[in-house]
Amino acid sequence: MKTFRGFLYQFRTFGLPNNKHMSTAKKDYKRITTKSLFEMKSRGEKISMLTAYDYTMAKIVDHAGVDVILVGDSASNVMAGHETTLPITLDQMIYHASSVVRAISRSLVVVDLPFGSYQSDSKEALRSAIRIMKESGAHAIKLEGGGEVKDSIKKILNAGIPVMGHLGLTPQSIYKFGTYTVRAKEETEAGQLIEDAKLLERIGCFAIVLEKIPAALAKQVAESISIPVIGIGAGNGVDGQVLVLHDMLGMTHEFSPRFLRRYMNLYEDMNNAIAQYVSDVKSKDFPNEGEQY
Ligand code: KIV
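Since this is a predicted model, take the numbers as computed values, not measurements. (Residues numbered from 1 in each chain as written. Predicted model: local features only at pLDDT ≥ 70, side-chain atom pairs only at ≥ 80, totals over all residues. Heavy atoms only, no water.)

Caption draft 1: Representation of the site of the ligand within the structure. Surveying the vicinity of the ligand reveals the residues T51, L70, G72, D73, S74, D112, K142, H166, V209, E211, I232 and V244. Side-chain polar atom of K142 to an oxygen atom of the ligand: 2.9 Å apart, as the coordinates give it. Contact with the protein chains removes 95% of the 260 Å² of surface that the ligand exposes when unbound. Its residues placed into classes, the shell around the ligand shows four nonpolar, four polar and four charged. (Near = heavy atom within 4 Å. Polar contact = N/O pair within 3.5 Å; in protein donor to acceptor, adjacent residues only side chain to side chain. Areas by Shrake-Rupley, 256 points an atom, 1.4 Å probe, with all protein chains shown as cover. Nonpolar A, V, L, I, M, F, W, Y, C, P; charged D, E, K, R; others polar.)

The following block contains the structure:
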């Protein structure tokens, strides 16, 4: 039986027992910071992360208790309909990030540096990261790659900007890979990925996303570094999970990778609602007397 002191401790530390956000070893944070994520990993609490690109969605995601909102360059696919993440620009990322930042009160907002805004040299990388932080009010940036972008990461970190790394399947390099299949299945690539993860930790990244790699490798990486590892298609042995919001809500339906769990079928539900609206307009059912002045 729980003593009164025990209850008080739980209440202060983790919130009320029936708190909807409560789960094993979960602490209620008013605001998520990079430090909170580190604490979560140390405590064994899994980190939740979802993408968002606009005010209305970000407000719902933040309110539902998601720890990290990623303003991903997947906006290029999801919001703009491009085939890859390559076309989205820095200005467009800043527009999406500003809309998200205006909506949030708890989540940590991380913004992708888009393709072409950091690869040429570290000064350009720093300029791009500063623009994101200054013009959107976001809390951190994410960029793809390991050793090849280490100078840029160091420069950005030296300016006081937190950096999240991204290894494994890195969609900005899709034309180099040629396909979106699972990465690092071979020993050499797996070894390189482990080296890169250790390097990112050593130079000061606060977390790393691992995309579409074998679960056993992702677990090995998460266990060998102290910073949080957030997976997408990387199994359950990592410190947290990220999904693209529109995919997990079932708004997109052409994209069905094995790792995706759909929590709703919004494509069909929205389609039905909109078709009903069209029908109501055509049949003059809408608006009725109560819906006019
Ligand atoms: O842009 C994005 O949405 C991402 C996630 C898939 C991790 O980078």
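The rest of the description comes next.
Caption draft 2: Region of the structure containing the packing of helix α5 (residues 90-103) against helix α6 (residues 122-136). Direction vectors running N to C along α5 and α6 enclose 35°, while the axes themselves pass 9 Å from each other. In the packing of α5 onto α6, the handedness of the crossing is right-handed. Facing L90, D91, I94, A97, S98 and V101 of α5, the residues of α6 in contact are S128, R131, I132, E135 and S136. Across the contact of α5 with α6, the residue classes tally to five nonpolar, three polar and three charged. (Axes fitted to C-alpha atoms, helices over the stretch in contact; angles between N-to-C directions. Helix = DSSP H or I, 4+ residues; strand = E, 2+ residues; numbered from the N terminus. Left-handed = near helix turned anticlockwise from the far one by under 90°. Contact = heavy atoms within 4.5 Å.)

Caption draft 3: Spotlight on the packing of helix α7 (residues 150-158) against helix α9 (residues 187-203). Where α7 contacts α9, the two axes come as close as 10 Å, and the packing angle between them is 25°. Classed by the angle they form, the pair α7 and α9 counts as roughly parallel. Note that α7 runs across α9; the crossing there is right-handed. Of α9, the residues touching α7 (which contributes K150, I153, K154 and L157) are L199, L200 and I203. Among the residues making up the contact of α7 with α9, the classes are represented as five nonpolar, no polar and two charged. (Parallel < 35°, antiparallel > 145°, perpendicular 65-115°, else oblique.)

Caption draft 4: Geometry of the nonpolar core. Core analysis: the biggest nonpolar cluster contains 65 residues, and I141, L143, I153, I156, L210 and V221 have the highest contact counts within it. Setting aside residues up to four positions removed in sequence, I141 forms contacts with V110, V111, L113, A129, I132, M133, I156, I161, P162, V163 and M164. Counting residues in each nonpolar core, the second largest holds 18 residues, with Y29, I32, I47 and V209 among its members. (Core = buried A, V, L, I, M, F, W, Y, C linked by side-chain atoms within 4.5 Å. Buried < 20%, exposed > 50% of the residue type's maximum accessible area, 1.4 Å probe, protein only.)

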